[in-house]
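Listed below, chain by chain, are the residues.
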Amino acid sequence: MGIRENISRLKASLPKGVALVAVSKFHPSAAIMEAYEAGQRIFGESRVQELKAKQQQLPADVEWHFIGTLQRNKVKDIAPYIHTIHSVDSLKLLQEIEKQAAAHRRVINVLLEIHIAREDTKQGLTPAGCRELLADIRPEDYPHIQFSGLMCMATDTDDTALIRREFQALRRLFDELKSTFFPNNASFKELSMGMSHDWLIAVEEGSTMIRIGTGIFGVREY
Ligand SMILES: *Cc1c(COP(=O)(O)O)cnc(C)c1O
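Now for a quick tour of the structure. (Residues numbered from 1 in each chain as written. Predicted model: local features only at pLDDT ≥ 70, side-chain atom pairs only at ≥ 80, totals over all residues. Heavy atoms only, no water.)

## Things to note about the site of the ligand
- Close to the ligand lie Val-23, Lys-25, Ile-67, Met-151, Met-153, Met-195, Ser-196, Arg-211, Ile-212, Gly-213, Thr-214 and Arg-220.
- Contacts to the ligand include Ser-196, whose side-chain N or O atom sits 2.5 Å from an oxygen atom.
- Gly-213 is positioned such that a nitrogen or oxygen atom in its backbone is 2.8 Å from an oxygen atom of the ligand.
- Against a free-state accessible area of 390 Å², the protein chains account for coverage of 91% of the ligand.
- Looking at the shell around the ligand residue by residue, the class counts come to six nonpolar, three polar and three charged. (Near = heavy atom within 4 Å. Polar contact = N/O pair within 3.5 Å; in protein donor to acceptor, adjacent residues only side chain to side chain. Areas by Shrake-Rupley, 256 points an atom, 1.4 Å probe, with all protein chains shown as cover. Nonpolar A, V, L, I, M, F, W, Y, C, P; charged D, E, K, R; others polar.)

## Describing the side chain of Asn-109
- For Asn-109, the location among the structural elements is in strand E5 (residues 108–114).
- Residue Asn-109 is classed as buried on the basis of its relative accessible area, which comes to 13%.
- There is a polar contact of 3.3 Å between the side chain of Asn-109 and the side chain of Gln-146.
- The residues contacting Asn-109, other than those within four sequence positions of it, are His-83, Thr-84, Ile-85, Gln-146 and Ser-148. (Helix = DSSP H or I, 4+ residues; strand = E, 2+ residues; numbered from the N terminus. Buried < 20%, exposed > 50% of the residue type's maximum accessible area, 1.4 Å probe, protein only. Contact = heavy atoms within 4.5 Å.)

## Re the environment of Gln-71
- Along the chain, Gln-71 falls in the loop between strand E3 (63–66) and helix H4 (75–78).
- Looking at Gln-71, the relative accessible area reads 47%, which means it is partly exposed.
- Along the chain, Gln-71 and Arg-47 lie 24 residues apart, while their C-alpha atoms are 9.9 Å from each other.

## Topic: the pattern of salt bridges
- Enumeration according to the criterion identifies nine salt bridges in this entry.
- Across the salt bridge formed by Arg-41 and Asp-61, the nearest N and O atoms sit 3.3 Å from each other. Within this pair, whereas Arg-41 is found in the loop between helix H2 (29–37) and strand E2 (42–45), its partner Asp-61 is found in the loop between helix H3 (48–57) and E3, the two being separated by 20 residues in sequence.
- Take Arg-41: its relative accessible area is 29%, and that puts it in the partly exposed class.
- Judged by its relative accessible area of 43%, Asp-61 is partly exposed.
- With a shortest N-O distance of 2.8 Å, Glu-190 and Lys-189 are connected by a salt bridge.
- In the salt-bridge network here, residues are joined through shared partners; they are Glu-45, Glu-50 and Lys-54. (Salt bridge = Lys/Arg side-chain N within 4 Å of Asp/Glu carboxyl O.)

Dropping the structure here:
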């Protein structure tokens, strides 16, 4: 199936209020343009260099999301246009995003990435580390950051019960952090969870943003 069909099929099966992030990493701008022409506006990239090149080639109303490991010294490169950063997992990174967003007089949406999966290699804060981080800061010291919610990747497994438990754990953590740290912040509302193979489960467990690469663009060539 083509990119256009994949997008319409996904959009038709997503409940209202669940956003579709089309993960275009490793796919050429022409493929992104095809998705754009099918009405898709939110695209996710995981490498700064690649994002920079694509951002210059594609229409200005694309909403770019950063979903990969972000080095502090690269924040300045994406600060002029990035809409949401899904992968914030340290105080230092948060401070740098605040600094660069302020320099560009912008507000950048931030999701805190939580390490929920069984794998050692995945990025992210532990739930305890995330509580600590939020207890240590005052959101008003970050006027150019909108704390938008949490992100996670589930374990890469066929064990759907495990995947479901991980998404449930993220949802519970979200509820706890929301009531503890953001009770009056309506913007803290996003749960970015679910990829091509597990988005159905994620949506059942309360995802508000799914990140789909293969399911839209096909298999990536690394
Ligand atoms: C690549 C990637 C995705 C998309 O993965 P697919 O399995 O191709 O849908 C989603 N989230 C993150 C963080 C990724 O790096």
